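Overview (structure and organization)
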Amino acid sequence: MIVTRFAPSPNGSLHLGHALSAITSYDLAQNGLGRFLLRIEDIDGVRSRRELADSFREDLAWLGLSWEEVPAQSTRLATYEAASDILKAKGLLYPCNCTRAQILAQTPKIGPLGMIYSGHCRNNPPPSDAKNVAWRLDIAAAMEETGPLTWIDELAGEQVAQPGLAGDVVLLRKDRDTPSSYHLSATLDDAADGVSLVTRGMDLFFASHIHRLLQALLDLPVPRWHHHGLLVDTSGKKLAKRRQSASLFQMRAAGLDGKALADELRKNCFPAGLTLSSSLDWST
């Protein structure tokens, strides 16, 4: 049975890009006589707002979707800590107290998920105060433990895992209001929720290389992936909360028909100025 999920963060209103992702995930579950889950990823510190999570549910219902809701991330913090303890015991995490300015000064390379950390703190002795550090995954050491890995995207086919493309990513953040990174929490949550088909946008394609590595390190089940295209504007940039893309809330308030909108999105009929891109261009 296919189990998919839609996992928004309540730090801004949903837009048409989110609608496309939710509809894609819902339809894949429906077509496979499976389950479509809603998971609220609410560990973004003070930016996470409960009222937005309520708005998300109204948005999904307006689009004509139904779902099973699973526990929000804020209820799973002990799980993330336990997993990080396993990785620390394996010697695969190291503390990093570099500031963003210091990382920039190290002239890092730019990869598909942003700046690639130089590894400055990898061989440093642990700081006396380990409370104010981030913890990074030593990708080379982790890959040495697991050996070669592959994963399957239903659209792009079998992939050889290349987590080094993103460098030594942060798994535990300095900011304890947002304790776990997306990589660790989403990987653990998908395993706990029994997700068998991870459905998300093409912008997270390269994150799946890291998630496949974490699955191997933590002995988690390996799902399949489905990375769908992204809605982009006339400049080729994806829709984003931070860019104040038109929200589903605004569309609902204007009296638009959500089910009709969902059907248009299924047919790849988008509002003027928007197109669907399957590009792996890092800048989008």
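In what follows, the accompanying structure is described. Here the structure is a predicted model, which means the values were calculated and not measured.

**What about the overall build of the chain?**
Looking only at helices and strands, the chain features nine helices and 14 strands. Expected size for 284 residues packed as a compact globule is a radius of gyration near 19 Å; at 19 Å, the chain falls within 12% of this value. Considered along the principal axes of its C-alpha atoms, the chain spans approximately 60 × 40 × 35 Å. For the chain, buried positions account for 50% of its 284 residues. Intrachain contacts of the chain at a sequence separation of at least 6 include 79% that bridge at least 24 residues. Averaging the locations of the 30 positively and 32 negatively charged side chains of the chain gives two centres separated by 4 Å.

**A short note on the packing of aromatic side chains**
Inspection of every chain in the model, using the stated rule, returns four aromatic pairs. Between Trp151 and Trp225, the aromatic rings sit 5.2 Å apart at their centres with planes inclined by 65 degrees, giving edge-to-face as the arrangement. Linking Trp151 in strand 8 (residues 150–153) with Trp225 in strand 12 (residues 224–228), this pair joins segments that are 74 residues apart in sequence. For the residue pair Trp151 and Trp225, the accessibility class agrees, reading buried in each case. The structure contains a cluster of three or more aromatic residues connected by ring pairs, namely Trp151, Phe205, Phe206 and Trp225. Here the guanidinium or amino end of Lys88 rests over the ring plane of Trp135, the centre of that ring lying 4.1 Å away. Between Arg136 and the ring centre of Tyr117, over which it is positioned, the NZ or CZ distance is 3.8 Å.

What counts and how
- Residues numbered from 1 in each chain as written.
- Predicted model: local features only at pLDDT ≥ 70, side-chain atom pairs only at ≥ 80, totals over all residues.
- Heavy atoms only, no water.
- Helix = DSSP H or I, 4+ residues; strand = E, 2+ residues; numbered from the N terminus.
- Rg over C-alpha atoms; globule rule 2.2 N^0.38 Å.
- Buried < 20%, exposed > 50% of the residue type's maximum accessible area, 1.4 Å probe, protein only.
- Contact = heavy atoms within 4.5 Å.
- Lys, Arg positive; Asp, Glu negative; His and termini not counted.
- Charge placed at Lys NZ, Arg CZ, Asp CG, Glu CD.
- Phe/Tyr/Trp six-rings, centres within 6.5 Å; stacked < 30°, edge-to-face > 60°.
- Lys NZ or Arg CZ within 6 Å of the ring centre and 35° of its normal.

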